[in-house]
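Each chain is listed here by its residues.
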Amino acid sequence: MTYAHQVLNELKEKYAHETFFLQAAQEVLESLQPLLDKNPHYERLRILERIVEPERMISFRVQWVDDKGQVQVNRGYRVQYNSAIGPYKGGLRFHPSVNPGVLKFLGFEQIFKNSLSGLAIGGGKGGSDFDPKGKSDMEVMRFCQAFMTELYRHVGATVDVPAGDIGVGGREIGYLFGQYKKLTQRYEGVLTGKNLLFGGSLVRTEATGYGAVYFAQAMLEARGESLEGKTCAVSGAGNVAIYCCEKLLQIGAKPVTVSDSRGMVHDAAGIKVDVLKQVKETERASLARYAELVPTARYTPTTEYPKGRNAVWDVPCYAAFPCATQNELALDDAKTLLANGCKCVAEGANMPSTLDAVHAFITAGIAYGPGKAANAGGVSTSQLEMAQNASMQSWTFDVVDSKLRQIMYNIHKIAAATATEFGQPGNLVLGANIAGFRKVASAMEAQGV
Ligand code: NDP
Ligand code: 2IT
């Protein structure tokens, strides 16, 4: 049995219930085998056994009082996964599905994503099973304050720097920052994705969605193709999806779908980003509202999706941008996309495709950009925010945007070159995993046991 499979089997036994983590670990470890074959000392150093275990996992109680005066209890977490190449860096997710296994999958992916970005940031992730849906602004504020009242002792500008993820945007980051400052008396870049008024960076809001499109452009340019004039399917309707649509429109492509947890919109005339922002960022409403406002839009609730399928992927497209959540694109969806002529998949979300869907894309030889490469624009721009905070500067929109674009093209270049180096040209899963891992493993080796 190979070293990678031996470690994977141990994980499967120990963490049988952490299915998302096992899925992420399987994808990474299996693709590392060609590197491990060339570097037998990694096994002697037990690098895999070390890298799959978080350096630290913090879990805490979050107690707060809702608008009715009732006491509420949630669970809060921070997984400080790996600090070999920099301070822990990664988002916070507030969603009822959050548990240690979900955060371990996200934190594990973050290690390699952050390494691949070429920046000096380690991997971390955190969050809570708090459900922001239907909560008032004051309830969200009280929850964020209670969450930070425990988290503050574990984070800091050179220690661990959280940011947003599902359910955590500018509003939540503002409340978290306010509480951190109050508790520590420190005005520092302890969080990224901050408001521009207190240390935020231009382009951070747009960065993940824009970056996914830049990554798709990099993949397609390498094949002599382009997104211009092409129909694109986008899933999700949150931060990543909105700015993915915006960038697609700017470059002359046509996004025709968006989705949320209740349904999807197909707008053959092209998604109207200003309406989408109004519905999602201002009104915080369901996409059914978008369909009320836009006559060309057709709304399909999830209850009418074909069984076990995500109807977004039934819409014929040249390029697909999954930007909602994990495992939202399964094998049957991948087959439908391919049958309809899809030539490019760039993942704005983390692990949106199941393992067999990923396999189908790679076998078909289309331009497939896995999340840890294609969505790295968010965390990379977070690092640009940290750099601005540390140097007390603020850069213009164009400066940050051009750095972001360059980072995405660099990630593509290194992932593609590494895939070729290991005999699988075009396999960006293999290329991204090996390139991301190699740097962290070398740093761990140099820092000793
Ligand atoms: P948001 O909370 O802004 O938006 C999430 C969107 O996805 C919403 O439209 C939401 O619908 C939908 N969604 C979430 N969970 C589900 C689900 N279980 N089933 C169906 N739809 C769902 O989050 P982001 O846009 O920030 O994040 C989206 C993805 O991108 C996540 O995988 C995240 O980890 C990843 N990502 C985010 C980055 C960032 O900078 N924000 C950076 C890199 C990756 P509804 O509102 O109805 O729940
Ligand atoms: O998954 C991710 O990369 C993020 N949610 C962004 C993390 C960050 O620190 O900006």
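Here, every reference points to the structure presented above.
Residues numbered from 1 in each chain as written. Chains lettered and ligands numbered in written order. Predicted model: local features only at pLDDT ≥ 70, side-chain atom pairs only at ≥ 80, totals over all residues. Heavy atoms only, no water.

Section: the site of ligand 1
Now for step 1: Looking at ligand 1, there are 24 residues lining it, with Lys-133, Asp-165, Thr-208, Ser-261 and Asn-350 nearest.
Now for step 2: Here an oxygen atom of ligand 1 sits 2.7 Å away from a polar atom, N or O, in the side chain of Thr-208.
Now for step 3: Here an oxygen atom of ligand 1 and a side-chain polar atom of Asn-350 are 2.8 Å apart.
Now for step 4: Relative to its unbound accessible surface of 880 Å², ligand 1 loses 82% to contact with the protein.
Now for step 5: Every element with two or more residues in the shell around ligand 1 is listed here: helix H8 (204-221), helix H9 (239-250) and strand E8 (257-260).
Now for step 6: Here the shell around ligand 1 is composed, by residue class, of 6 nonpolar, 12 polar and 6 charged. (Near = heavy atom within 4 Å. Polar contact = N/O pair within 3.5 Å; in protein donor to acceptor, adjacent residues only side chain to side chain. Areas by Shrake-Rupley, 256 points an atom, 1.4 Å probe, with all protein chains shown as cover. Helix = DSSP H or I, 4+ residues; strand = E, 2+ residues; numbered from the N terminus. Nonpolar A, V, L, I, M, F, W, Y, C, P; charged D, E, K, R; others polar.)

Some words on the packing of aromatic side chains
Now for step 1: For the coordinates displayed, the defined rule picks out 20 aromatic pairs.
Now for step 2: A ring pair is formed by Tyr-81 and Phe-108, whose centres lie 5.8 Å apart and whose planes are at 50 degrees; its orientation type is tilted. Of this pair, Tyr-81 sits in strand E2 (residues 71-82) while Phe-108 sits in helix H5 (residues 100-116); the two residues are 27 residues apart in sequence, bridging distant segments of the chain. In this pair, the class of Tyr-81 matches that of Phe-108, namely buried.
Now for step 3: Centre to centre, the rings of Phe-94 and Phe-130 are 6.0 Å apart; their planes meet at 90 degrees, and the pair counts as edge-to-face. (Phe/Tyr/Trp six-rings, centres within 6.5 Å; stacked < 30°, edge-to-face > 60°. Buried < 20%, exposed > 50% of the residue type's maximum accessible area, 1.4 Å probe, protein only.)

Description of the layout of surface pockets
Now for step 1: Taken as a whole, the second largest pocket spans an internal volume of roughly 290 Å³.
Now for step 2: Contributions of two or more residues to the lining of the second largest pocket are made by helix H2 (19-38), helix H13 (355-364) and helix H17 (428-447).
Now for step 3: Broken down by element, the residue count for the lining of the second largest pocket peaks at 4 residues, all from H13.
Now for step 4: Taken together, the residues that form the lining of the second largest pocket break down as 5 nonpolar, 4 polar and 2 charged. (1 Å grid on protein atoms, 1.4 Å probe; cavity = no way out; pocket = protein on both sides within 12 Å on 5 of 7 lines; lining within 4 Å. Points joined across faces, edges and corners; volume = space filled by probe spheres on them.)

A few points about the pairing of strand E1 (residues 56-65)
Now for step 1: Direction of pairing for E1 relative to E2: antiparallel, over a ladder of 10 bridges. Bridging from a neighbouring strand, Trp-64 pairs with Gln-72 of E2.
Now for step 2: With antiparallel pairing between neighbouring strands as the criterion, E1 and E2 make up a hairpin whose turn holds 5 residues, including Gly-69 at a positive phi of roughly 85 degrees. (Pairing = 2+ DSSP bridges.)

Some details on the site of ligand 2
Now for step 1: Taken together, 14 residues surround ligand 2, and among them Lys-89, Lys-113, Asp-165, Arg-204 and Ser-382 come closest.
Now for step 2: Contacts to ligand 2 include Lys-125, whose side-chain N or O atom sits 3.0 Å from an oxygen atom.
Now for step 3: When ligand 2 is considered free in solution it has 300 Å² of accessible area, and contact with the protein chains removes 94% of it.
Now for step 4: Here the residues of the shell around ligand 2 are counted per class, giving 2 nonpolar, 7 polar and 5 charged.

Some details on the sheet that holds E8
Now for step 1: Within the open sheet, the 3 strands sit side by side as E8-E9-E10. Their pairing is antiparallel. Edge strands, defined here as strands with exactly one partner in the open sheet, are E8 and strand E10 (297-301). The average angle at which neighbouring strand axes cross in this sheet is 15 degrees, direction not considered.
Now for step 2: As paired strands, strand E9 (residues 263-267) and E10 are joined by 5 bridges and run antiparallel to one another. Bridge pairing in E10 links Asp-267 to Ala-297. (Axes fitted to C-alpha atoms, helices over the stretch in contact; angles between N-to-C directions.)

Functional significance is not addressed by these values, which are geometric in nature.
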